[in-house]
Amino acid sequence: MTFEELVKSKEVDVRKRAVISIVYTQNILGDKLNEMLKPYDLSPEQFNVLRILRGNKGKPANMSTIQERMIAKTSNTTRLIDKLLAKDLVSRQVCPNNRRKMEVNITDKGLSLLLEIDPKMNKHEESSTRNLTQKELEQLIDLLDKIRN
């Protein structure tokens, strides 16, 4: 769908078109991700936490480290961890060096779940970007970096 078809107008400032297009695309990608994760009873934010913990390769992460690496910075990390704990996908313990900090690790069940989701996530990413060449993908990343910075 072109921008003009989306907003039913050709008289929109190019900056507004760019922002609206980004937000609209983000919503489409988010909806598809939610749909993919629904059978696993995971939110995108919970999935993000699991991937962060898997990336630690067995080393625990404290709550602030997880929060820093989250894609959605507004997420309530403690609530996300509590939900993942209830599903036995993560474990949590008091940091031995600083009793005020909690350390979180992914469980074997969490790792197994990610292994099951990985092929579907790869398919989601491939289908979302199938109309772009490698060069266009790199250019898109560069342009989005410019917008964020």
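Below or above, wherever it landed, is the structure these notes cover. (Residues numbered from 1 in each chain as written. Predicted model: local features only at pLDDT ≥ 70, side-chain atom pairs only at ≥ 80, totals over all residues. Heavy atoms only, no water.)

Focus on the overall build of the protein chain
For clarity, the cut-off: Every helix listed is a DSSP run of H or I at least four residues long, and every strand listed is a run of E at least two residues long, numbered separately from the N terminus. Atoms counted for the radius of gyration: C-alpha only. Globule rule: 2.2 Å times the number of residues to the power 0.38. Type-normalised accessible area, obtained with a 1.4 Å probe on protein chains alone, sets the label of each residue: buried when under 20%, exposed when over 50%, and partly exposed for intermediate values. Contact between two residues is taken to exist if any of their heavy atoms lie within 4.5 Å; hydrogens are not considered. Here the Shrake-Rupley method, with its probe set to 1.4 Å, supplies the accessible areas, and only the displayed protein chains count as covering residues.
Within the protein chain one finds 7 helices and 3 strands. Helices and strands in the protein chain line up, N terminus first, as α-α-α-β-α-α-β-β-α-α. Relative to a compact globule of 149 residues, whose C-alpha radius of gyration would be 15 Å, the protein chain shows 19 Å and is clearly more extended. Considering only C-alpha atoms, the protein chain reaches an extent of 60 × 30 × 30 Å along its principal axes. For the protein chain, the proportion of its 149 residues judged to be buried stands at 26%. In the protein chain, the proportion of contacts linking residues at least 24 apart, taken out of those at least 6 apart, comes to 50%. Of the roughly 10700 Å² of accessible surface on the protein chain, a fraction of 53% belongs to carbon and sulfur atoms.

With respect to the pairing of strand β3 (residues 102-106)
In plain terms, the rule: Paired strands, in this sense, are two strands between which DSSP finds at least two bridges.
The buried fraction of β3 is high, at 4 of 5 residues. Bridge count for strand β1 (residues 61-62) against β3 is 2 bridges, and the pairing is antiparallel. Pairing of N62 across the sheet is with E103, part of β3. For strand β2 (residues 90-94) and β3, the ladder comprises 5 bridges, and the chain directions are antiparallel. Bridged to S91 within β3 is N105.

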